[in-house]
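# Report on the structure
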Amino acid sequence: MTESMNIKLKVWRQAGPKAQGRFETYTVPDANPHMSFLELLDVLNEQLIKSDQDPVEFDHDCREGICGSCGVVVDGVAHGPQRRTACCQLHMRHYKDGDTIVVEPWRAEAFPIIKDLVVDRSAFDRIIAAGGYISINAGAAQDANSLPIAKTAAELAMDFAACIGCGACVAACPNASASLFTAAKISHLAMLPQGAPERKSRVTAMVNQMAEEGFGDCSNHAECEAVCPKGISISTIATMRREYMKAVLG
Amino acid sequence: MKPVLDSHIPDGPLKEKWGNYKNGIKLVNPANKRKHTVLVVGTGLAGGSAASTLAELGYNVKSFCIQDSPRRAHSIAAQGGINAAKNYPNDGDTVWRLFYDTVKGGDYRSREANVHRLAEISNEIIDQCVAQGVPFAREYGGLLDNRSFGGAQVSRTFYARGQTGQQLLLGAYQSMSRQIGLGNIEMFARQEMLDLVLVDGKARGIITRNLITGEIERHAGDAVLLCTGGYGNVYYLSTNAKNSNVTAAWRCHKRGATFANPCFTQIHPTCIPVSGDYQSKLTLMSESLRNDGRVWVPKKQGDNRKPKDIPEEERDYYLERRYPSFGNLVPRDVASRNAKYACDEGKGVGETKLAVFLDFAEAISRLGQEAIAARYGNLFEMYERITGENPYETPMRIYPAVHYTMGGLWVDYELQSNVPGLFVLGEANFSDHGANRLGASALMQGLADGYFVIPYTLGNYLASNDLPKVTIQDEAFATAQTESTAQIEKLLSIQGTKTVTEYHRELGRIMWDHVGMSRTEEGLQTAIKEITALREDFWENVLVPGENSTLNKNLEFAGRLADFLELGELMARDALERAESCGGHFREEYQSEEGEAMRNDDLFTYVAAWAYSENGHTLVKEPLEYESVKLTTRSYK
Ligand SMILES: Cc1cc2nc3c(=O)[nH]c(=O)nc-3n(C[C@H](O)[C@H](O)[C@H](O)COP(=O)(O)OP(=O)(O)OC[C@H]3O[C@@H](n4cnc5c(N)ncnc54)[C@H](O)[C@@H]3O)c2cc1C
Ligand code: SF4
Ligand code: FES
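Residues numbered from 1 in each chain as written. Chains lettered and ligands numbered in written order. Predicted model: local features only at pLDDT ≥ 70, side-chain atom pairs only at ≥ 80, totals over all residues. Heavy atoms only, no water.

### Describing the site of ligand 2
Residue and element names in this part refer to chain A. Taken together, 13 residues surround ligand 2, and among them C163, C166, G167, C169 and C228 come closest. For the shell around ligand 2, the secondary structure elements donating two or more residues are α4 (168-172) and α5 (179-190). Residues of the shell around ligand 2, tallied by class, amount to 11 nonpolar, 2 polar and no charged. (Near = heavy atom within 4 Å. Helix = DSSP H or I, 4+ residues; strand = E, 2+ residues; numbered from the N terminus. Nonpolar A, V, L, I, M, F, W, Y, C, P; charged D, E, K, R; others polar.)

### Quick notes on helix α6 (residues 199-212) of chain A
Residue and element names in this part refer to chain A. Taking 1.5 Å as the rise per residue, α6 with 14 residues should run 20 Å; its terminal C-alpha atoms sit 20 Å apart, in good agreement. Among all positions of α6, only R202, V203, M206, V207, Q209 and M210 are buried. Along the long axis of α6, the arc covered by the buried residues comes to 160°, so they all point the same way. Along α6, exposed side chains directed more than 90 degrees from the buried face belong to A211 and E212. Against α2 (122-131), α5 and α8 (235-249) lie the buried residues of α6. Once α6 finishes, G214 follows within two positions and takes phi at roughly 90°, a positive value. (Expected span 1.5 Å × (residues − 1). Buried < 20%, exposed > 50% of the residue type's maximum accessible area, 1.4 Å probe, protein only. Arc of directions from axis to C-beta. Contact = heavy atoms within 4.5 Å.)

### Points about the domain arrangement of chain A
Residue and element names in this part refer to chain A. Splitting chain A by domain gives domain 1 (5-114) and domain 2 (122-141 + 148-249). Taking only C-alpha atoms, the centre of domain 1 and the centre of domain 2 are 28 Å apart. The interface of domain 1 with domain 2 comprises 16 residues on the first partner and 19 residues on the second. Both sides of the domain 1 and domain 2 interface together cover about 1300 Å² of buried area, and 62% of this is carbon and sulfur. It is R84, A110 and F111 in domain 1 that bury the most area against domain 2; as a group they hold 35% of the surface buried on that side. If you look at where domain 1 meets domain 2, you find 3 residue pairs in polar contact (both at pLDDT 80 or more). In terms of residue class, the side of domain 1 that touches domain 2 is built from 10 nonpolar, 4 polar and 2 charged. (Domains from an automatic or database assignment. Buried area = accessible area lost by both parts, 1.4 Å probe. Polar contact = N/O pair within 3.5 Å; in protein donor to acceptor, adjacent residues only side chain to side chain.)

### Side note on the side chain of Q194 of chain A
Relative to the helices and strands, Q194 of chain A resides in the loop between α5 and α6. According to the relative accessible area criterion, Q194 of chain A is buried, its value standing at 12%. Residues in contact with Q194 of chain A, not counting those within four places in the same chain, are I134, L147 and I149 of chain A together with V130, A131 and G133 of chain B.

### Observations concerning the site of ligand 1
Residue and element names in this part refer to chain B. The immediate surroundings of ligand 1 are formed by 37 residues, with Q67, S75, G80, M193 and E427 found nearest. Note that an oxygen atom of ligand 1 is positioned 2.5 Å from one of the side-chain N or O atoms of S75. With respect to ligand 1, the backbone of Q79 contributes an N or O atom lying 3.3 Å from a nitrogen atom. Burial of ligand 1 by the protein amounts to 98% of the accessible area it has alone, namely 1000 Å². Of all the secondary-structure elements, those providing two or more residues to the shell around ligand 1 are α3 (45-57), β6 (191-199), β15 (396-405) and α12 (442-464). Per element, the largest residue contribution to the shell around ligand 1 is 3 residues, and it comes from β6. For the shell around ligand 1, the residue count by class is 16 nonpolar, 18 polar and 3 charged. (Areas by Shrake-Rupley, 256 points an atom, 1.4 Å probe, with all protein chains shown as cover.)

See the structure below:
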């Protein structure tokens, strides 16, 4: 059978958006290498509840790396040490008995803290609402195979469409830029002929919205790509810039 | 008083019903659409597609979801694909065949007319999604690719790698976002519906809780669309996302909507097995893996050798052996039950012995590792991330897990519940999958309901009914709000000793042991007793931390568990009542000598709809009439 580990957690606690936050240290004496990182937080929370303390709030839902709900900074790295892995799929076998783990929320002006590790990412929704779509009403589509798309283009579109909207790219960026997120959607739709008619209006609207939300500019640090759980390539940002230039220059 | 259930199936031959229906309905004048407010609860494939389509038509839509963004609804997690009868591979598919497979797969417990409509609409869904920019897999010629799924002998499943649900949901989300940007949809994220408000017997509003501030809100409208997903989390461990719940549906049920076939649950055969008691959910490995993976166990009981050390002749590829014509692609219920039998016989593998192998060695040697990686790469990675084992080198260990609920609120052909003005879409209704759902058909149903059915049926309702203006000042809103508040206060005031998770795990254990893959009269009676006792204990001894006025996930989960504790009992009762085996509902008393399910069509060809009253539940039967399909014993041999 697997052995249990003693893990120390330093967790950011903040009662509400305006409250002062601080780190609190807790010990989970019986962590198991097979458990996920969020299950470790579950175990901690059960401990806290039983000892009459407030549990740590964190966002989570699918716990399989696809919904984009979860997201915390683990030991200074958004989503933690395992590459291309959302923190719900980070497993404790990557830690050892006696380790201390520091857990913080995403930190960015455009993502205000709601409570503990939970932040408000609604700015992402507003960026998509500004133009991250193809305008087609239900019922108006032609036969799906009437528009062949080269397999390579479709595959690339899928690579870009894989973004889960978690916000790790923003959390990792020294400028708190939302460029990778925004560029992923722009690149997805730019790969496809269906996206062509709105190409220009889309990129300008989305880029403007991104600025309006208070996200910083991109200065090519590439920290975003390094933490992205879906491996969205930073080349999308170059695509976004190109699309933007084409749109504003005519 | 027992409600009367009329399915409102249109006249005419099966193939003409939907057309006839559309020809006969009333339409809402374009200028009047704006005047109608429609409340859409849920933003998964069903709710997302409904909200965007209704907004496109000009209705005034208010949309609600629990997550912080509509894009995160549980539909996002669907992996394998979506069915349609396009017949692009030219392998003999037709609308009729998709209809027939779905009715047969559902073990003849679904409504013919609904299923036929679903099959008819299926092709339009693919067109719509492609037009939205959904990056489906393609062949080298640039045309769409298909794969096979369980329960079918044609290739009709469209997919976007192992992320089909994500891509379809993002398509719907983007369409919704466009309408939000245009001001046609008002979006309420992090809001949980707690009650349905009826005025003059019609659904006219909802009560919600703002999950950040705890405030209780009232919303009024001309109709309510419930698109709140399935209730698999009644088992605690399931493949459903943690926030999936029955609360909205259950509260509507308590306001009069009948709940149909609650015991029909789907146990998915290929999930990653449980590893310990901290386990918080189970991860599905897509059914598409059964295209190339071979399921086996050692022939010898308690064989502890590594899989690679077990020679071919000492392996039992039990699905291929028992079902030569469908082999590893038998429907889910059949595959799950057989995995259970293998483990019950002591042939299970892995540390807990509650697992069987899913082996890709043969496919890898035939097609090469690269081809397998192209098909399933992300699933293999996910498996390795969770288990620490590399499935290219050693077979996956899999075990069945609760996955989908075919039961749900009863609806008629128009997707309307027996409460006028309350429509139910997607997994939350009971309508199309009978006693067992075939793979890749939930996505199809959710999108059919939202993009192509509700725009017609809702319009018909709004145009045919006189709906005097209702405001949130109405008495009914105040009463419902008071009740919701009282429940929250009660939960917080108990301050007992057991946490919400502890209770939920306990409920899950009862459900899995007695209302799971295999059920008996005795077990179901035990379940009813145990659940009743657990529920009483919960209301005396639960420990919900914190307060109402801030984000408090334990409080949210406590409210949802309270409803699961009632639903669980009804599921057991429904399973007890249905003295036959069909689809996912397997009663040990009703099986053939070879252990196959035995239906009883004479007695049970009906929908079991349960009506709620303070004094308990009563059963209302909607007889199922098969005009076009002949009921036969489902055989996959
Ligand atoms: C892991 C997994 C893989 C799957 N793969 C496939 C597949 O490959 N093919 C296939 O066809 N099917 C698949 N399914 C099934 C399919 O994904 C679901 O049946 C389907 O997505 C359900 O969609 P829905 O719109 O009905 O509900 P959901 O997507 O569950 O959405 C429910 C919505 O309701 C909201 N909600 C719930 N309760 C409330 C409340 N009280 N107040 C406010 N909002 C509320 C939620 O926030 C959410 O927005 C899979 C399921 C799982 C679990
Ligand atoms: S680009 Fe990557 S890191 Fe950024 S939101 Fe999308 S998935 Fe998350
Ligand atoms: S919880 Fe869904 S991505 Fe982590």
